[in-house]
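Residue strings, one per chain:
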Amino acid sequence: MLVYPNSSDAHVLMGQIYERQKNYDQAIIEYELSIAIRPSADSYVLLARAHRALNHTAQALRAVDAALRLEPGHPAALALRNELQKVPPRRRDPEGFEL
């Protein structure tokens, strides 16, 4: 992001471009940069959706919770939280690695 490195909106747009390309890891980085500049419920929802696409349910739920702390009635965050809560937890071995 050379043109507007301190623009939250620019990072959101870049994240959306990466997300459309199914480059979710890079989208997550852009959404996190946006949130670091200016936290918003919408940015946290975008972050949660990118995590969900990678099956990172716990991280997605944390992002949704952050969105709801900023904006308790955020419709997209509430809908996404309900969806994520239906996902069964991942199994882990005794050392904490996912099975």
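Our structure is the block above this text.
Residues numbered from 1 in each chain as written. Predicted model: local features only at pLDDT ≥ 70, side-chain atom pairs only at ≥ 80, totals over all residues. Heavy atoms only, no water.

Explain the pattern of salt bridges to me, please; I cannot follow it from the model alone.
Any two side chains of opposite charge can pair if their charged atoms end up close together. For the coordinates displayed, the defined rule picks out 2 salt bridges. In this structure, Asp9 engages Arg38 in a salt bridge whose closest nitrogen and oxygen atoms are separated by 2.9 Å. Taken as a pair, Asp9 in helix H1 (residues 8–20) and Arg38 in the loop between helix H2 (24–37) and helix H3 (41–53) lie far apart in primary sequence, 29 residues in all. Residue classification places Asp9 among the partly exposed positions, given a relative accessible area of 45%. Look at Arg38 and you get partly exposed, because its relative accessible area is 43%. With a shortest N-O distance of 2.7 Å, Arg52 and Glu83 are connected by a salt bridge. With Arg52 in helix H3 and Glu83 in helix H5 (residues 75–85), this residue pair connects regions lying 31 residues apart in the sequence. Given the relative accessible area of 31%, Arg52 is considered partly exposed. (Salt bridge = Lys/Arg side-chain N within 4 Å of Asp/Glu carboxyl O. Helix = DSSP H or I, 4+ residues; strand = E, 2+ residues; numbered from the N terminus. Buried < 20%, exposed > 50% of the residue type's maximum accessible area, 1.4 Å probe, protein only.)

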